[in-house]
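A structural walkthrough
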Amino acid sequence: MAAGGLAGLLPAQTQLEYALLDADTPQEKENLVYQYLKKMDSRERDLTVPELGGDLQWLNTEGPISLHKDLCGKVVVLDFFTYCCINCLHLLPDLHALEHQYSDKDGLIIVGVHSAKFPNEKVLDNIKSAILRYNIVHPVVNDADATLWHELEVSCWPTLIILGPRGNMLFSLVGEGHREKLFLFTSITLKFYKERGQIKDNSIGIKLYRDSLPPSPLLFPGKVTVDNSGERLVIADTGHHRILVTQKNGQILHTIGVSGTQEDDILWIAMAGTHQVWALMLQGGRLPKGSDLKKGVCLRFAGSGNEENRNNAYPHKAGFAQPSGLSLASEEPWNCLFVADSESSTVRTISLKDGAVKHLVGGERDPLNLFAFGDVDGAGINAKLQHPLGVTWDKKRKLLYVADSYNHKIKVVDPKMKNCATLAGTGEASNVIGSNFTQSTFNEPGGLCVEENGRLMYVADTNNHQIKVLDLDTKILSMLPILNPEACDVPDNLPVQKDKITSLPKLPKSAPNVQLPSLSVAPGQTIQFLLKLTLPPDSKLNEEAPNSWFITAEENTWLLQGQCLSGEIKNVFCQTIIPFQLPRSCLSTEAILAVKACLYYCSKGSSACMMKGVSFSQPLQIASTNQDSLTQVELIHAFLTN
């Protein structure tokens, strides 16, 4: 058992810290650390870290790791972190650099000790997602009950503890910004114990969780917005370190590769790391109650920099706690910025008239209490959120939508009455597209936006690696398919190429033609065809064959301009989503669209492999007025015999 926890390190390390301040050269600093280690190593009794419980859950390893068996002979850096903490995330580049310089063969192991703040962060699957999202490649243990945290008397995130080869505590570093000391302490500790023959070069069984995952077109999308034209989406594909610009049917147009919201000539920026809201002047102008500012000036608008839930009539005296999402309501009577203040689990407002910061929903009155979270629909202070990361303003309905991220819900707030209620999601972290909003589920949604006309809401469902589409009029929820340009036959805004059409596969003559009821649509409207095919009993899809869907319109090729005309069918057990957006300018009031599918499957009882197909004929009645709504059409067919 550690005698006195971290407090036992304090006297000796404090003396070292003061001595390092007076040291002028790197050699002097190294000598001071070396002498400190000689003193610590000669103590009658080590400050020993207790064994990690055998029932704890481990990630990025082949199995549980014993601190005093598997890591005996290693210098170990324990990183006490929680994945919501921005300061913990700021520390990760230092740890990445350290493990790049020293491997387990050199005698160094970094172990992340995840000690959750929020209940949602105790869930193993959510920690898995965080490990992937932040590219953590060292072992991580889920200390869900904070057992080791309390044993060692850790008091804040992040805290680093450096252990010697006997599990003996040598150093602690609290907070971020200690890169130089981290490298100094670690390198001299390795040198000190190598000279004494106590460092082992054996490998630790590392098995990265990321290596077991299939590829995905999106990876932890954090934010999504609609551009001013209303025709394109811009997606922060966070896990792939890129920005995607797509059509509203999901077809990728461009790949580019802060959280902000723009009002005319000002870009408002949520500075989660410094707990502030800043303004970037895109043109010359002035901020509320401010002086004239030149184009390109970027400065603090609100927030003292202290991590607090403090409201104040003076914006620089107000306190935020990792503001992570902004939305602008420039019209009267609102004329404000809405702020998703994640660590205080609140939504706040900043007046664009005088800069006053006010509470809207969530949290509690004590500005220093950042633990007032929950999942409660209600008004004002009685409503409870859990680490909300996004907000978006619905100009049409005068409502605010909130990505209540750790409750896995989308909530709606009436800012006039301060009422907050669940709009979508059950509270379960999963991926269900139900028949209505409240039966559908999310997994830590991080961002959301509403079209200018208020019809569709797009949600970055971060841990499900998806963009979900919520039709606010019909209450229908669907998934936006992300279509790579190379998978599509027609590039954006180019006419249909005849050689592309002729290269599409031909169906067998026996393929049935399913006549669908006529569908009333409008220019610009998006149709989602939901293809569900069933194979005969005792048959399986030949995954090596080119199973595909494709779209034709023999008499109305103008319909196909800018469309993705084909795609793969990878799994018949799940429905395939086929997006299609009508042109803004239609050349006819009637048209017929054909959606076809070609499958290759084999009978389990023989070596025979069949090619089968089906065609769905969809008549369209096209109205004269534009419409941005989403319509879903089910395409269902069962292949009955082999």
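Here the structure is shown first, and the text comes after it.
Observations regarding unusual backbone geometry
Backbone torsion omega between W157 and P158 reads -15 degrees, so that peptide bond is classified as cis. Residue position: P158 is located in the loop between α5 (147–151) and β5 (159–163). Residue E332 is joined to P333 through a cis peptide bond whose omega torsion reads 5 degrees. Along the chain, P333 falls in the loop between β17 (323–329) and β18 (336–341). Unlike most non-glycine residues, N335 shows phi in positive territory, near 45 degrees. Mapped onto the elements of the fold, N335 is located in the loop between β17 and β18. Of note in this structure, K398 is not a glycine but carries a positive phi near 60 degrees. Looking at the element boundaries, K398 is found in the loop between β22 (390–394) and β23 (399–404).

Some points on the sheet that holds strand β26 (residues 447–450)
Strand pairing in a sheet takes place through backbone hydrogen bonds and is either antiparallel or parallel in direction. Taking strand neighbours across the sheet as the criterion, the four strands line up as β26-β27-β28-β29 in an open arrangement whose pairing is antiparallel. Two strands lie at the open edges of the sheet, namely β26 and β29 (477–480), each paired on one side alone. Recorded for the sheet is a direction-independent mean angle of 25 degrees between the axes of neighbouring strands. In terms of strand pairing, strand β27 (residues 456–461) meets strand β28 (residues 466–471) through six bridges, oriented antiparallel.

As for the sheet that holds strand β24 (residues 409–414)
Ordered by their spatial adjacency, five strands build an open sheet running β21-β25-β24-β23-β22, and the pairing between neighbours is antiparallel. Every interior strand has two partners, whereas the edge strands, β21 (378–379) and β22, have only one. As paired elements, β23 and β24 share five bridges and run antiparallel to each other. The residue of β24 that forms the bridge with D404 is K409.

Focus on helix α6 (residues 179–195)
End to end, α6 covers 24 Å across 17 residues, agreeing with the expected 24 Å (1.5 Å per residue, within 8%). Phi turns positive, to about 70 degrees, at G197, one or two residues after α6.

Describing the side chain of S327
Mapped onto the secondary structure, S327 falls in strand β17. Look at S327 and you get buried, because its relative accessible area is 7%. A polar atom in the side chain of S327 sits 2.9 Å from the backbone nitrogen of W393.

Points about the side chain of H408
On the secondary structure map, H408 appears in the loop between β23 and β24. Here H408 falls in the buried class, since its relative accessible area comes to 3%. Of the polar contacts made by the side chain of H408, one reaches the side chain of N120; its length is 2.6 Å. The contacts of H408, once residues within four sequence positions are left out, are N120, N126, G425, G427, E428, A429, F442, N443, E444 and P445.

Observations regarding the pairing of β23
Across the six residues of β23, five count as buried, placing the element largely inside the fold. Where β22 lies against β23, five bridges are found, and the strand directions are antiparallel. Within the sheet, the bridge partner assigned to D394 lies in β23 and is L399. In this structure, the hairpin formed by β22 and β23 is closed by a connection of four residues, where K398 is found at a positive phi of approximately 60 degrees.

Some thoughts on the pairing of strand β37 (residues 590–603)
Burial runs high along β37: eleven of the 14 residues are buried. With three bridges connecting them, strand β33 (residues 539–541) and β37 associate as antiparallel partners. If you follow S539 over to β37, its bridge partner there is S603. Across five bridges, strand β34 (residues 548–552) lies against β37 in antiparallel orientation. Along β37, the bridge assignment pairs S548 with C598.

Describing the packing of helix α1 (residues 10–22) against helix α2 (residues 26–41)
In helix packing, the relevant descriptors are the interaxial angle and the interaxial distance, both defined with respect to the helix axes. Following both chains from N to C, one finds α1 and α2 inclined at 165 degrees, their axes separated by 10 Å at the closest point. In terms of orientation, α1 lies roughly antiparallel with respect to α2. Considering how the two elements wind past one another, α1 and α2 form a crossing that is right-handed. Of α2, the residues touching α1 (which contributes A12, Q13, Q15, L16, A19 and L20) are K29, L32, V33, Y36, K39 and M40. Per-class residue counts for the contact of α1 with α2 are eight nonpolar, two polar and two charged.

Here's the deal with the pattern of salt bridges
In the structure shown here, the tally under the stated rule is 26 salt bridges. In this structure, R196 engages E195 in a salt bridge whose closest nitrogen and oxygen atoms are separated by 3.8 Å. Given a relative accessible area of 47%, E195 falls into the partly exposed group.

Regarding the packing of α2 against α6
Interaxial distance between α2 and α6 falls to 9 Å at its minimum, and their mutual angle equals 55 degrees. The angle between α2 and α6 falls in the class oblique. Judged by the sense of rotation from one axis to the other, the crossing of α2 with α6 is right-handed. Along its contact with α2, which presents K29, E30, V33, Y34, L37, K38 and D41, the element α6 presents E180, L184, F185, I188, T189, F192, Y193 and E195. A per-class count over the contact of α2 with α6 returns eight nonpolar, one polar and six charged.

Parameters at a glance
Residues numbered from 1 in each chain as written. Predicted model: local features only at pLDDT ≥ 70, side-chain atom pairs only at ≥ 80, totals over all residues. Heavy atoms only, no water. Helix = DSSP H or I, 4+ residues; strand = E, 2+ residues; numbered from the N terminus. Pairing = 2+ DSSP bridges. Axes fitted to C-alpha atoms, helices over the stretch in contact; angles between N-to-C directions. Expected span 1.5 Å × (residues − 1). Buried < 20%, exposed > 50% of the residue type's maximum accessible area, 1.4 Å probe, protein only. Polar contact = N/O pair within 3.5 Å; in protein donor to acceptor, adjacent residues only side chain to side chain. Contact = heavy atoms within 4.5 Å. Parallel < 35°, antiparallel > 145°, perpendicular 65-115°, else oblique. Left-handed = near helix turned anticlockwise from the far one by under 90°. Nonpolar A, V, L, I, M, F, W, Y, C, P; charged D, E, K, R; others polar. Salt bridge = Lys/Arg side-chain N within 4 Å of Asp/Glu carboxyl O.

Purely geometric stuff here, so don't read any function into it on its own.
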